Amino acid sequence: INIISYFWLLMTVLTGIWEFAFISQYKEVHNYAETFIQNDTHVWTTRYDLSYVNPWKLSRIFYAEYGAHADREYIALDNHWSRVIEGSHAVLCGLFATLALCFKSHSKNKLYVISATVAMSTQLMNSILYMAQYFYQMRDPNSVNYPSAEFPAGFALWERAFMYVNVFWTLMPLYVIIMEYILYGKEWICCQLRDRDRD
């Protein structure tokens, strides 16, 4: 596996775990995010002990920061959109990335490429749909994400800089799909030539 693809597939598996943790402790994430909003604080300026590398704890502080300072719909108790986005990502992307790594470790290259492609394609589609919906919300005065004095967006979302994390969830799946097809294609051609030479 291309090294960058490998680490992104691992990151996708880890993200699936974070997303499951986020959904399972949604109320706690909401409450923590509300504390950030009320006190105008950030996760980056708060001290945490080493136990926060635990996915359940890291997920809570990550999504609380994201909900407080990037996408307020993520912490809306009466709206299920964020849980649908995260749940579909966890199931489709996380599960298929796990399968891809398992298949590769057992030298089942065709199944690896299929699973990696499903994982990355669903991740890419998930990201595109999510960002399209977010930009639509920013134009809707009734949306919690509508820019205001209390929740400014700034030029190019500079006031909501944590939104830029979504660039990785858009570009990296494209990279993995392209690289794994290229690498798989080269491997397939080499195998075909080797088989032909044997004949």
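Scroll up a little and you will see the structure.
Scope of this entry: the structure provided in the associated data block. All chains use their own residue numbering, which begins from 1 and follows the written sequence. Local features are withheld for residues below a pLDDT of 70 in this predicted model, meaning they are given only at 70 or higher, and side-chain atom pairs are given and counted only at 80 or more; totals for whole chains, interfaces and linings count all residues. Side-chain measures here rest on the full set of heavy atoms in the structure, leaving out hydrogens and waters.

Remarks on the packing of helix α4 (residues 81-105) against helix α5 (residues 109-137)
Consideration 1: Helix axes use the C-alpha atoms of the stretch in contact, all axes being lines fitted to C-alpha atoms, and the angles between their N-to-C directions lie in the range 0 to 180 degrees. Under the scheme used here, helices are H or I runs from DSSP no shorter than 4 residues and strands are E runs no shorter than 2 residues, and both carry numbers assigned from the N terminus. The N-to-C vectors of α4 and α5 enclose an angle of 160°; their axes lie 7 Å apart at closest approach. On the basis of the axis angle, α4 is roughly antiparallel to α5. You can see that α4 and α5 cross each other, and the crossing is left-handed.
Consideration 2: Of the residues that constitute the contact of α4 with α5, the class distribution is 15 nonpolar, nine polar and one charged. Here is the rule for angles: anything less than 35 degrees is roughly parallel, anything more than 145 is roughly antiparallel, 65 through 115 is roughly perpendicular, and the remaining ranges are oblique. Handedness of a crossing is defined here by the sense of rotation of the near helix relative to the far one, left-handed for an anticlockwise turn of less than a right angle and right-handed for a clockwise turn. Note that Gly is not counted as nonpolar here; it falls among the polar residues with everything else outside the nonpolar set of Ala, Val, Leu, Ile, Met, Phe, Trp, Tyr, Cys and Pro and the charged set of Asp, Glu, Lys and Arg.

Things to note about the packing of aromatic side chains
Consideration 1: Centre distance within 6.5 Å is the pairing criterion for rings of Phe, Tyr and Trp, where only the six-membered ring of Trp is used; planes under 30 degrees apart are then read as stacked, over 60 as edge-to-face, and the remainder as tilted. This structure, assessed with the given rule, holds 19 aromatic pairs.
Consideration 2: Aromatic pair Y32 and F36: ring centres 4.6 Å apart, planes at 45°, arrangement tilted. In this pair, Y32 and F36 are both assigned in helix α2 (residues 26-39), four residues apart and thus about one turn of the helix distant.
Consideration 3: Taken together, the ring pairs connect W18, F22, Y26, W44, F62, Y63, Y66, Y74, Y130, Y134, F135 and F162 into an aromatic cluster.
Consideration 4: Its end group placed over the ring of Y52, K57 keeps NZ or CZ at 5.1 Å from the ring centre. Two limits define a charge over a ring: the Lys NZ or Arg CZ must be within 6 Å of the ring centre, and within 35 degrees of the ring normal.

Digging into unusual backbone geometry
Outside of glycine, negative phi angles account for most residues, and trans bonds account for most peptide bonds.
Consideration 1: We note that S107 has phi near 60°; this positive angle belongs to a residue other than glycine.
Consideration 2: When you line up the elements, S107 lands in the loop between α4 and α5.
Consideration 3: For every residue, the accessible area obtained with a 1.4 Å probe (protein chains only) is divided by the maximum for its type, and the residue is called buried under 20%, exposed over 50%, and partly exposed between those limits. Using a relative accessible area of 59% as the deciding quantity, one classes S107 as exposed.
Consideration 4: Of note in this structure, A156 is not a glycine but carries a positive phi near 55°.
Consideration 5: Overall, the relative accessible area of 43% leaves A156 in the partly exposed class.

Observations regarding helix α1 (residues 3-24)
Consideration 1: A helix is expected to reach a length of 1.5 Å times the quantity of its residues less one. For α1, built from 22 residues, the straight-helix expectation of 32 Å at 1.5 Å per residue is met to within 8% by its first-to-last C-alpha distance of 32 Å.
Consideration 2: Within the sequence span of α1, burial applies to S5, W8, L9, T12, V13, T15, G16, W18, E19, A21 and F22.
Consideration 3: Polar contact is the term for a pair of N or O atoms within 3.5 Å; when the atoms are in protein, one must be able to donate a hydrogen and the other to accept it, and sequence-neighboring residues count only if both atoms are side-chain atoms. Residue N2 occupies the N-cap position of α1, its side-chain oxygen lying 3.0 Å from the main-chain nitrogen of I4.

Some words on the side chain of H30
Consideration 1: Structurally, the position occupied by H30 is in helix α2.
Consideration 2: Accessibility expressed as a relative area gives 13% for H30, which makes it buried.
Consideration 3: Contacts between residues were defined by any pair of non-hydrogen atoms, one from each residue, lying within 4.5 Å. Apart from residues no more than four positions distant in its own chain, H30 is found in contact with I75 and L77.

So, the environment of E34
Consideration 1: When you line up the elements, E34 lands in helix α2.
Consideration 2: On a C-alpha basis, the gap between E34 and G94 in space is 28 Å, while along the polypeptide they are 60 residues apart.

A short note on the nonpolar core
Consideration 1: By convention a nonpolar core is built from buried Ala, Val, Leu, Ile, Met, Phe, Trp, Tyr and Cys residues, the set being connected through side-chain atoms within 4.5 Å. If you look at the biggest cluster of nonpolar residues, it comprises 42 residues, and the most contacted ones within it are Y66, Y74, M120, Y130 and M163.
Consideration 2: In contact with M120, other than residues within four places in its own chain, are W8, L9, T12, P173, V176 and I177.

Brief notes about the side chain of H89
Consideration 1: As for its placement among the helices and strands, H89 is situated in helix α4.
Consideration 2: Given the relative accessible area of 3%, H89 is considered buried.
Consideration 3: One polar contact links H89 to E19, side chain to side chain, over a distance of 2.8 Å.
Consideration 4: Setting aside anything within four residues of it in sequence, one finds H89 in contact with T12, T15, E19, G94, Q123, N126 and W169.

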